[in-house]
Amino acid sequence: MPGLLLETLRGHRGTQTPMWLMRQAGRYLPEYRALRSEKGGFLDLVYDADAAAEVTIQPVRRFGFDGAILFSDILIVPHAMGQKLEFLAGEGPRLSPRLLDAALEGLEAAPQHLEAIYRTVARVKAQLGPETTLLGFAGSPWTVATYMVAGEGSRDQHETRALAYRDPQAFQAIIDAIVSVTVEYLAGQIEAGAEAVQLFDSWAGSLAPAEFERWVIAPNAAITAAVKARYPDVPIIGFPKGAGEKLPAYARETGVDALGIDETIDPVWAARVLPAGMPVQGNIDPLLLLAGGEALDEEAVRILECFADRPHVFNLGHGIGQFTPITHVEQLISTVRGWRG
């Protein structure tokens, strides 16, 4: 029998709201920090299937979340496409050669990096009970492209945005290549055991409306259509962080089954303008979870009440912070699980 989360993503509204937290497998957990210390670098952990599976399961074991999100990174795709990937302490990821300086055609594909992730998915699936939904994921093409072009993250993605304006044909080729690899990557995760997948577009909010249509909506629609053609029963969650007033268009035009919303979105507005019956995921502020207290309970209940008339997956508006106290997570779980709409 499908778990509560999977049923909700398929459009069913039950008496209880399922929950999981973005980045729930990670640095705020002491058991993660211990394993990371043992294994060394971040990529060493990601590409070690046994270790990555253990990290994926740690928050489910501790908190009983309704979903287990694969422990990996959105930059596995450019790594598999042939860019060198490093994570520098205190500085974040670096990709080389960056596509501002090199041609996409010059990259030599490294599909073994994807195969390592599929092994992790299979190991996690073998250890989960049917009540826990296994979530795979990938970065959306716009967000992945920003790293591939600039070679690193940036606050406003100016180099990538400028390239897209200056040479849209060349940038379209980059987006199309990412779409192609991402479709196969998600298919591989599903074949290995993922029951639902999420597309993370962390930098969707940096684009003007017409550019959002071209570089966010269109490629996510292409991925969704291709994955749905092969796996029509596997729900796809779209998470275009920062999309704001462009969310309704994203929801209508991409074909995703469920929509993740960030903490800047008013749930009252979202409940009113998003397609009726569409599952919504979100959207408490990760900083409020860090702060805790009565405000955390009050906001959690407000969000639950706003989405009481549609399928709703409780989550954060983005990833959990590494300094979030365990007791605050337990408090939030208690509030959500104790609420009945």
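What you see is a predicted model, and the numbers here were worked out from it, not measured in a lab.

S.K.: Even after reading the chapter, I still don't get the overall build of the chain, so can you show me in this structure?
M.R.: For the chain, the count of helices and strands is 15 helices and 9 strands. Taking 341 residues into account, the globule formula puts the C-alpha radius of gyration at 20 Å, and the chain, at 19 Å, falls close to it. Based on the C-alpha atoms only, the size of the chain along its principal axes is roughly 55 × 45 × 40 Å. Within the chain, the fraction of its 341 residues that count as buried is 57%. When contacts within the chain are restricted to residue pairs at least 6 apart in sequence, long-range pairs at least 24 apart make up 74% of them. For the chain, the computed accessible surface area is about 13500 Å², with 51% contributed by carbon and sulfur atoms. Here the chain carries 29 positive and 42 negative side-chain charges, and the mean point of each set is 1 Å from the other.

S.K.: Help me understand the nonpolar core in this model?
M.R.: As a rule of thumb, soluble globular proteins bury nonpolar side chains together. Counting residues in hydrophobic clusters, the biggest one holds 118 residues, and the most contacted among them are Phe171 and Leu332. At 12 residues, helix α9 (residues 168-192) tops the list of elements feeding residues into this core. For Phe171, the contacting residues outside a window of four places in its chain are Trp142, Ala145, Val149, Thr160, Leu163, Ala164 and Trp215.

S.K.: What am I meant to see in a nonpolar patch on the surface here?
M.R.: On the surface, a nonpolar cluster with roughly 340 Å² of combined accessible area is contributed by Leu287, Leu290 and Phe323. You can see Leu290 is positioned in helix α13 (residues 286-291).

S.K.: Explanation requested: the side chain of Gln157 in the structure shown.
M.R.: By secondary structure assignment, the location of Gln157 is in the loop between α7 (141-150) and α8 (158-166). By relative accessible area, which is 2% here, Gln157 ends up buried. Setting aside chain neighbours within four positions, we find Gln157 in contact with Trp142, Thr146, Trp203 and Ser206.

Reading guide: rules and limits
Residues numbered from 1 in each chain as written. Predicted model: local features only at pLDDT ≥ 70, side-chain atom pairs only at ≥ 80, totals over all residues. Heavy atoms only, no water. Helix = DSSP H or I, 4+ residues; strand = E, 2+ residues; numbered from the N terminus. Rg over C-alpha atoms; globule rule 2.2 N^0.38 Å. Buried < 20%, exposed > 50% of the residue type's maximum accessible area, 1.4 Å probe, protein only. Contact = heavy atoms within 4.5 Å. Areas by Shrake-Rupley, 256 points an atom, 1.4 Å probe, with all protein chains shown as cover. Lys, Arg positive; Asp, Glu negative; His and termini not counted. Charge placed at Lys NZ, Arg CZ, Asp CG, Glu CD. Core = buried A, V, L, I, M, F, W, Y, C linked by side-chain atoms within 4.5 Å. Patch = residues over 30% accessible without salt bridge, like charges linked within 9 Å, V, L, I, M, F, W, Y side chains within 5 Å. Salt bridge = Lys/Arg side-chain N within 4 Å of Asp/Glu carboxyl O.

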